Amino acid sequence: MLERVTFKNCAGPGPLVDIGAVAEALLFYGEVAVVCNTATLKHLLANIPPLILLGLIRSKRLLLYYLDDQIGVVTNNSSGNDPVHDLIEFSSPDHTIDVVGPKTFLEASRSANKLVVRQFTRALLPLSHEGFNKNAAFAALADFAISEPVLRSLFEVASPHYVLPTDFRFRLEKVTNGFVVDTNIDFVALNTEYHKYVPATHSSMTPAYLLALLQGVYEELYFASVLQSELAFSGSNRAMHVRTVNSLIHNRFANEAAIGRFVDLTLDSSFAIRSAVNTGAVPFADIVRLLDRADKFRDWLRDKPADVDLVKAYYAETVSGTWVEKLPTKTTRWGMFTGAGLVVDSLGAGGLGTAVGVALGAFDTFVLDKLIGGWKPHHFVEKDLKATFVTRESNEK
């Protein structure tokens, strides 16, 4: 459970990479990877202090894979007929690790010395589309039974007030040098609504742009397969992936929900971690300081089965092997926690119903430590996680 997760730059609306989600993943996952191009590297260096980012990748807590090639959609309008599109692979000598690594790091940290710049560049891991099958990707794009529902999901998120035709279609037809798009989308009306949410300077909806977004979904799935990892995504990307391959993203959704319930139990808000980082309330440096203390906690998480209820497992592990476990009923055992500051609002015969966590006081934590003995997951939660997020939030109020 929670072994590894991969982030890739989002081609559609929204940030290239959600920095708060990366911070959250670092605390919960054994391995966190980001698949980067030049823009993604610049985004990371602009939002995470360069030396902190360097420390994360040198310690292998964060793996940065740099793509030395790209897949894109090229459009040929020269024939005078319908535009012809094709998937192409391209690269540039100006966009290699040896060129982009030093350049982006120095742009973000002009005072960095040559040794630090060299360390950052060497820590970037090369990655390519070597095994990416463009023909298979086209076949997937041409399957309108998938592509059309995927685009419906995209429009619901990115342009919610645009009304699709009742007989909406988006079909691809193979021609000699690529493929043409047959669609009845009103792109003028679509972009009128789309640009209410996304500036025209960012993007406009066109057949080629929609093809690039669809292709991006399969590209992300490809890298998840290569890196044997879950995928992390948000916004329009999430909606498109849900409709594309539900089986591959099931684990990420389940783990994200488990993290949310656990964080809600311990920090009173399921988005406490990523929100605190994204708003600047908790600096990324504080996340780094937490990581060493979270090692045992992450080891405990990795040993859990994929379908485990994280909240129930946390409770069970905390009382396991102690005299509390021998108390006659689950309600009585939870009563011990209620007395120590944990509020439980619903308990059933099957165990935990709905639980809401509140911070334990110093005396409560001391008593609980004496009751259960040894390392338990609540040690990290009460002493380190809450100290970073709950205490900081309370002080700001």
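Residues numbered from 1 in each chain as written. Predicted model: local features only at pLDDT ≥ 70, side-chain atom pairs only at ≥ 80, totals over all residues. Heavy atoms only, no water.

(A) Structural context of the packing of aromatic side chains. Taken as a whole and judged by the stated rule, the model has six aromatic pairs. A connected cluster of aromatic rings, assembled from ring pairs, spans F132, Y222 and F223. It is R171 that lies over the ring of F144; its NZ or CZ is 3.7 Å from the centre. The ring of F138 carries the charged tip of K174 above its face, separated from the ring centre by 5.0 Å. (Phe/Tyr/Trp six-rings, centres within 6.5 Å; stacked < 30°, edge-to-face > 60°. Lys NZ or Arg CZ within 6 Å of the ring centre and 35° of its normal.)

(B) Region of interest: helix 5 (residues 114-123). Three or more residues of helix 5 are buried, namely V116, V117, F120, T121 and A123. In an axial view of helix 5, the angular spread of the buried residues amounts to 165 degrees, which keeps them on one side of the axis. Turned more than 90 degrees away from the buried face of helix 5, the exposed residues are K114 and R122. If you follow the buried residues of helix 5, they end up packed against helix 2 (38-47), helix 3 (50-58), strand 3 (62-67), helix 4 (97-108) and strand 6 (125-127). Where helix 5 begins, the capping side chain belongs to N113, and its oxygen is found 3.1 Å from the backbone nitrogen of L115. (Buried < 20%, exposed > 50% of the residue type's maximum accessible area, 1.4 Å probe, protein only. Helix = DSSP H or I, 4+ residues; strand = E, 2+ residues; numbered from the N terminus. Arc of directions from axis to C-beta. Contact = heavy atoms within 4.5 Å. Polar contact = N/O pair within 3.5 Å; in protein donor to acceptor, adjacent residues only side chain to side chain.)

(C) Geometry of the nonpolar core. Grouped together as the largest cluster of nonpolar side chains are 62 residues, with contacts concentrated most on F7, F28, L62 and L64. Counting residues per element, this core draws most heavily on helix 1 (residues 19-28), at eight residues. Residues contacting L62, with those up to four places away along its chain left out, are V22, L26, V32, V34, L53, L56 and I57. (Core = buried A, V, L, I, M, F, W, Y, C linked by side-chain atoms within 4.5 Å.)

(D) Molecular detail of the packing of helix 7 (residues 144-158) against helix 9 (residues 207-226). Where helix 7 contacts helix 9, the two axes come as close as 11 Å, and the packing angle between them is 105 degrees. Here helix 9 runs roughly perpendicular to helix 7, going by the angle between their axes. The segment helix 7 lies against helix 9, with I146, S147, V150, L151, L154 and F155 engaging L210, L213, L214 and Y218. Residues that form the contact of helix 7 with helix 9 fall into these classes: nine nonpolar, one polar and no charged. (Axes fitted to C-alpha atoms, helices over the stretch in contact; angles between N-to-C directions. Parallel < 35°, antiparallel > 145°, perpendicular 65-115°, else oblique. Nonpolar A, V, L, I, M, F, W, Y, C, P; charged D, E, K, R; others polar.)

(E) Spotlight on the pairing of strand 1 (residues 4-8). The buried fraction of strand 1 is high, at four of five residues. Relative to strand 2 (residues 31-36), strand 1 is paired through five bridges, and the arrangement is parallel. If you follow F7 over to strand 2, its bridge partner there is V34. Pairing geometry for strand 1 and strand 9 (residues 230-232), over three bridges, is parallel. Paired with V5 across the bridge in strand 9 is E230. (Pairing = 2+ DSSP bridges.)

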